[in-house]
Amino acid sequence: MRPDSGADLINPLDPGLSDPERFEQQLHRLAQDAVAAYRKAKSRASELEVALATLETAFLETVRSLAFVVEAKDAYTGQHLERCRVYGVAVMKELGIHDDYPDAQYGFLLHDAGKVGVPERILGKPGPLTAAEWRVMRTHPLIGYQIVAGIPFLKNAAEIVRSHHEMFDGSGYPAGLRRDEIPVPARVFSVVDAFDAMTTDRPYRAALSLDHALGELQRMAGTQFDPDVVKAFLPLAESIAPAGLPEPIPR
Amino acid sequence: MSDSKGRVVLVVDDDDMIRRLVRTVLEADEFEVTEATDGESALALASTTEPAVVVLDIMMPGLDGVEVCRRLDHDRVKVIVLTARDDPDLENDCREAGANAFVTKPFSSIELLDLVAELIAT
């Protein structure tokens, strides 16, 4: 004799989940499953976060090395790149656009990477360059762009490399871009690069004072520099320049 | 006929709540589920729906689970025994009847899903 569907009858040999104690045990087991899965997911998520942070640090260090390869001969330059990076990121944050260009800091570091393509006799020439030598010198933004553009995460960085000698009024190179044709991070770079050059000792002149340097930035706002970038930089300069991370090198 | 290409699981248990629970767990991992409440209909469904895996209770009225296990075509279907009886002799009988796995109730949903995935992959 066979019961018809078993759904309404309780099998005396195996009461199944209709038995309260068995029901409770099964519920308990499912709760344990859920907690175990949750814990595993949480721990995996934090492992991934750590791995990602490690990877990002490694990437930054690699890009720094790449930038320094180009300019390793000059201790000044190494510190200059790092200061440009720090100042540049500070201005990007002040303008509220840092998150829109996450790889901008790599562009600041690599801006002169293209100089590997410029002959040493031109790079190191003590006197003024001839017209022909200038033409060669002015290829370095595009050479740099070709180097960096091939790297997947460095799209914005490549734009900075290409446009770091453009000027707000269109008189720069290589493309003579004007105003917002110039990518914003490149406009930021121009200001911090000039500022750092002015406020550090160079072989041919001592560092300008902070006020003098800021005065120059304001004087050239609208021609060489984007006035909004200069405006954003002025309050920052007071706080970061004296501390200057790392310190400007006196000579 | 199912078009899930090997992701059909047949759940056999006379306990309505167990079947519902196992169905919920399997469907959450995107398996297609068919059900039987006793051994005879299990064998009939196994040949018509061609499941990849059968989750099989042992203590059912009528044809018992070990016999059902024996009669299934093990070249076409894998068997997970799911029973309240935590008994090594029973486990032995089941394995000799061709069962691929032996799980006791209360069961872990994660362990069941891992087993089903593993058996389908082999």
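Here the structure is a predicted model, which means the values were calculated and not measured.

Peer 1: Account for the overall build of chain B, naming residues and giving values.
Peer 2: Each helix and strand in chain B was counted, giving 5 helices and 5 strands. Sequence-ordered secondary structure for chain B, helices as α and strands as β, is β-α-β-α-β-α-β-α-β-α. Here chain B holds 122 residues, and the buried ones make up 52% of them. Sequence separation of at least 24 residues holds for 59% of the intrachain contacts in chain B that already meet a minimum separation of 6. Carbon together with sulfur atoms contributes 45% to the accessible area of chain B, which is approximately 5,600 Å² in total.

Peer 1: Could you give me a rundown of the interface of chain A and chain B, with the residues and numbers involved?
Peer 2: Opposite the 20 residues of chain A that make contact, chain B presents 20 residues. Both faces considered, chain A and chain B share a buried interface measuring about 1,700 Å² in area, 59% of it formed by carbon and sulfur atoms. The tally of links from chain A across to chain B stands at 0 salt bridges. At the boundary of chain A and chain B, one finds 6 residue pairs in polar contact (both at pLDDT 80 or more). The residue makeup of the side of chain A that touches chain B, split by class, is 8 nonpolar, 7 polar and 5 charged.

Peer 1: Can you tell me about the packing of aromatic side chains, naming the residues and giving the values?
Peer 2: All names here are of chain A. On inspection of all chains with the given rule, the structure shows 6 aromatic pairs over all chains. Plain terms: the ring middles of Phe59 and Phe153 are 5.8 Å apart, the flat faces sit at 90° to each other, and that makes the pair edge-to-face. Taken together, the positions of Phe59 in helix 1 (residues 20-71) and Phe153 in the loop between helix 6 (140-149) and helix 7 (155-163) put the pair 94 residues apart, joining distant regions of the chain. Here the aromatic residues Phe59, Tyr106 and Phe153 are joined through ring pairs into a cluster of three or more. A cation over a ring is seen here: Arg162 above Tyr145, with NZ or CZ 3.9 Å from the ring centre.

Peer 1: Outline the pairing of strand 1 (residues 8-12) of chain B, listing residues and values.
Peer 2: Residues and elements named next belong to chain B. Counting buried residues along strand 1, 5 of its 5 residues qualify, which places the element largely inside the surrounding structure. Burial along strand 1 is two-sided: the residues Val8, Leu10 and Val12 and Val9 and Val11 are all buried. Chirality of the crossover, the property in question, places the unit of strand 1, helix 1 (residues 16-28) and strand 2 (residues 32-36) among those that are right-handed. Across 4 bridges, the pairing between strand 1 and strand 3 (residues 53-56) is parallel. Bridge pairing in strand 3 links Val11 to Val55.

Peer 1: Provide a residue-level description of the confidence of the model for chain B, including the pertinent values.
Peer 2: Here chain B shows a mean pLDDT of 93. Residues at 70 or above account for 95%. Scored as a whole, the predicted complex attains pTM 0.63, and scored at its interfaces, ipTM 0.86.

Peer 1: Got a sec to walk through the packing of helix 6 of chain A against helix 7 of chain A? Specific residues and values, please.
Peer 2: Residues and elements named next belong to chain A. Following both chains from N to C, one finds helix 6 and helix 7 inclined at 170°, their axes separated by 7 Å at the closest point. The orientation of helix 6 relative to helix 7 falls into the category roughly antiparallel. Taken together, the residues of helix 7 that come into contact with helix 6 (itself represented by Pro141, Leu142, Gly144, Tyr145, Val148 and Ala149) are Ala157, Ala158, Glu159, Val161 and Arg162. A per-class count over the contact of helix 6 with helix 7 returns 8 nonpolar, 1 polar and 2 charged.

Peer 1: Which residues make up the pairing of strand 5 (residues 101-104) of chain B, and what values do they have?
Peer 2: Residues and elements named next belong to chain B. As paired elements, strand 4 (residues 78-83) and strand 5 share 4 bridges and run parallel to each other. For Val81, the partnering residue across the bridge sits in strand 5 and is Phe102. Traced from strand 4 through helix 4 (residues 88-96) to strand 5, the parallel crossover comes out right-handed.

Peer 1: Quick rundown of the pattern of salt bridges? Include the residues and the values.
Peer 2: Tallied over the entire structure, the rule returns 23 salt bridges over all chains. The shortest N-O distance in the salt bridge between Lys115 of chain A and Asp112 of chain A comes to 3.1 Å. Among the ionic pairs, Glu133 of chain A bridges to Arg121 of chain A, the shortest N-O distance being 3.7 Å. One end of the pair, Glu133 of chain A, is in helix 5 (residues 131-137); the other, Arg121 of chain A, is in helix 4 (residues 120-123), and 12 residues separate them in sequence. Look at Glu133 of chain A and you get buried, because its relative accessible area is 13%. Among the ionic contacts, a cluster of salt bridges with common partners joins Asp16, Arg19, Arg20, Arg23, Glu27 and Glu35 of chain B.

Thresholds, definitions, all that
Residues numbered from 1 in each chain as written. Chains lettered and ligands numbered in written order. Predicted model: local features only at pLDDT ≥ 70, side-chain atom pairs only at ≥ 80, totals over all residues. Heavy atoms only, no water. Helix = DSSP H or I, 4+ residues; strand = E, 2+ residues; numbered from the N terminus. Buried < 20%, exposed > 50% of the residue type's maximum accessible area, 1.4 Å probe, protein only. Contact = heavy atoms within 4.5 Å. Areas by Shrake-Rupley, 256 points an atom, 1.4 Å probe, with all protein chains shown as cover. Buried area = accessible area lost by both parts, 1.4 Å probe. Salt bridge = Lys/Arg side-chain N within 4 Å of Asp/Glu carboxyl O. Polar contact = N/O pair within 3.5 Å; in protein donor to acceptor, adjacent residues only side chain to side chain. Nonpolar A, V, L, I, M, F, W, Y, C, P; charged D, E, K, R; others polar. Phe/Tyr/Trp six-rings, centres within 6.5 Å; stacked < 30°, edge-to-face > 60°. Lys NZ or Arg CZ within 6 Å of the ring centre and 35° of its normal. Right-handed = clockwise from strand over helix to strand, strands pointing away. Pairing = 2+ DSSP bridges. pLDDT = per-residue confidence, 0-100. Axes fitted to C-alpha atoms, helices over the stretch in contact; angles between N-to-C directions. Parallel < 35°, antiparallel > 145°, perpendicular 65-115°, else oblique.

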